[in-house]
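Structural description and commentary
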Amino acid sequence: WTPLRVLILMVLASSVLMYAQKLPCRDQPWNGFQYSHACYNDVYPLYFGEGLDQGKVPYLDTHGPNNDQNVEYPVLIGVAMEIGSKVVDWASPSDKAQRFVDVTWFMLMIAALLTVVATALTNRRRMWDAAMVAAAPSLILAGLINWDLLAVALTSLAMLAWARKHTVVSGLLFGLAIATKFYPLLLFAPLFMLCVRARQLRSFFVTLAWAAVAWIVVDVPVWIAAPKGFATFYSFNKSRGPDWGSIWYAFERMFNHSFTVPQVNIYEGALTII
């Protein structure tokens, strides 16, 4: 029972609870059930909403009533969705959507496991800090809302590689993480300040360059093959205001005041810098 083995057991237990918490919504389309039972997730509804039930390939194929919809996520999440839909091809048509939830949960459980192990190994003198990840309520309650844990795992592995001074590997992992979700891009700001203080700017720029290479290798081919599908994520989020799960949405409800997208961007940017 080393610390790492205990942490692995903790995150596996949290992953089981994560699945159990969303289990009532495993076969529910978008309706009031998700909110009355507090088990909302994107995975089941988007199996139909993204056309995966029709064999549509993310980005390459459009779908919807007017055949004009495409994936609202970055490229590697689209890849994960495609992999999940292919894995459940063996299931009966009536069970495919539920099996898609199960397969997605398994992928996210592996992502959570990698996140905890990478966090523990990043600083071996403080391995128990990773318990805050392994038993996090946010992991249990929100880990299966969508595919964001994939980006968290890649970012954690990138930080582990950075801590071991493997700058090229760290950059490649950062690039893959950014191709999964944009938030890892923000970590380059504190890394830059650390490198300025330590006079190690070369390490920073090597990592940044290889992150750009990884992102280009993943994203540019999709951009070329399906420019409209690729642009969906950016156009969708450019016009998307405060949504469920956002503190800005809570403020809107509490104070009966609507925030525009530029306002939210300015406030978020200022708070991030502070």
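Our structure's up above, just so we're on the same page.
Residues numbered from 1 in each chain as written. Predicted model: local features only at pLDDT ≥ 70, side-chain atom pairs only at ≥ 80, totals over all residues. Heavy atoms only, no water.

Re the side chain of Thr-180
Heads up, the condition is: Helix and strand labels come from DSSP, where a helix needs a run of H or I of at least four residues and a strand needs a run of E of at least two; each type is numbered from the N terminus. Throughout this description, a polar contact denotes any pair of N or O atoms lying within 3.5 Å of each other; where both atoms belong to protein, one of them has to be capable of donating a hydrogen while the other can accept it, and for residues adjacent in sequence the pair is counted only when both atoms sit in side chains. Any two residues whose heavy atoms approach within 4.5 Å are treated as being in contact.
Residue position: Thr-180 is located in the loop between helix H9 (167-178) and helix H10 (188-198). A polar contact of 2.8 Å, which involves the side chain of Thr-180, links it to the backbone oxygen of Leu-176. Ignoring sequence-local partners within four residues, the contact set of Thr-180 consists of Pro-74, Leu-76, Ile-77, Leu-150, Ala-151 and Leu-154.

Structural notes on the packing of helix H4 (residues 75-87) against helix H5 (residues 96-122)
Counted only if it meets this: Lines fitted to C-alpha atoms define the axes, with helix axes restricted to the stretch in contact, and inter-axis angles between N-to-C directions lie between 0 and 180 degrees. Small angles under 35 degrees read as roughly parallel and large ones over 145 as roughly antiparallel, with 65 to 115 read as roughly perpendicular and the rest as oblique. Left-handed describes a crossing in which the near helix is turned anticlockwise from the far one by less than a right angle; the clockwise case is right-handed. Under the convention adopted here, Pro, Cys and the residues Ala, Val, Leu, Ile, Met, Phe, Trp and Tyr are nonpolar, Asp, Glu, Lys and Arg are charged, and Gly plus all remaining residues are polar.
Two elements in contact, H4 and H5, have axes separated by 9 Å at closest approach and are oriented at 130°. As far as their axial angle goes, H5 and H4 are oblique. In this structure, H4 meets H5 at a crossing whose hand is right-handed. Between H4 and H5, the residues in contact are Ala-80, Met-81, Gly-84, Ser-85 and Val-87 and Phe-100, Val-103 and Met-107, respectively. Here the contact of H4 with H5 is composed, by residue class, of 6 nonpolar, 2 polar and no charged.

Some remarks on the state of the cysteines
Operational definition: The rule for a disulfide is simple: a pair of cysteine sulfur atoms within 2.5 Å.
Per the stated rule, a full pass over the model turns up 1 disulfide. What pairs with Cys-25 in a disulfide is Cys-39, and their sulfur atoms sit 1.8 Å apart. Disulfide Cys-25 to Cys-39: torsion about the S-S bond roughly 60°, handedness right-handed. With a gap of 14 residues between them, Cys-25 in the loop between helix H1 (3-22) and helix H2 (33-36) and Cys-39 in the loop between H2 and helix H3 (43-49) connect regions that are remote in the sequence.

Observations regarding the packing of H1 against H5
Axis separation between H1 and H5 bottoms out at 10 Å; the angle between their running directions is 150°. What the angle tells us is that H1 and H5 run roughly antiparallel. In the packing of H1 onto H5, the handedness of the crossing is right-handed. In this structure, H1 contributes Leu-4, Leu-7, Ile-8, Val-11, Leu-12, Ser-15, Val-16, Met-18 and Tyr-19 to the contact, and H5 contributes Asp-102, Trp-105, Leu-108, Met-109, Ala-112, Leu-113, Val-116, Val-117, Ala-120 and Leu-121. Grouping the amino acids of the contact of H1 with H5 by side-chain chemistry returns 17 nonpolar, 1 polar and 1 charged.

Let's talk about the environment of Ala-212
Rules: The cut-offs for exposure are 20% and 50% of the maximum accessible area for each residue type, with area from a 1.4 Å probe on protein chains only; residues under the lower value are buried, those over the upper are exposed, and the others partly exposed.
Note that Ala-212 resides in helix H11 (residues 201-225). Residue Ala-212 is classed as partly exposed on the basis of its relative accessible area of 36%. Through-space distance from the C-alpha of Ala-212 to that of Ala-179 is 9.9 Å; in sequence the pair is 33 residues apart.

Some remarks on helix H8 (residues 148-163)
Defined as follows: A helix is expected to span 1.5 Å for every residue after the first.
With 16 residues, H8 should cover 22 Å at 1.5 Å per step; its first-to-last C-alpha distance of 23 Å lies within 8% of that length. All buried positions along H8 are accounted for by Leu-149, Leu-150, Ala-151, Ala-153, Leu-154, Thr-155, Ser-156, Ala-158, Leu-160, Ala-161 and Trp-162. In the stretch just after H8, Lys-165 is the one whose phi turns positive, near 65°.

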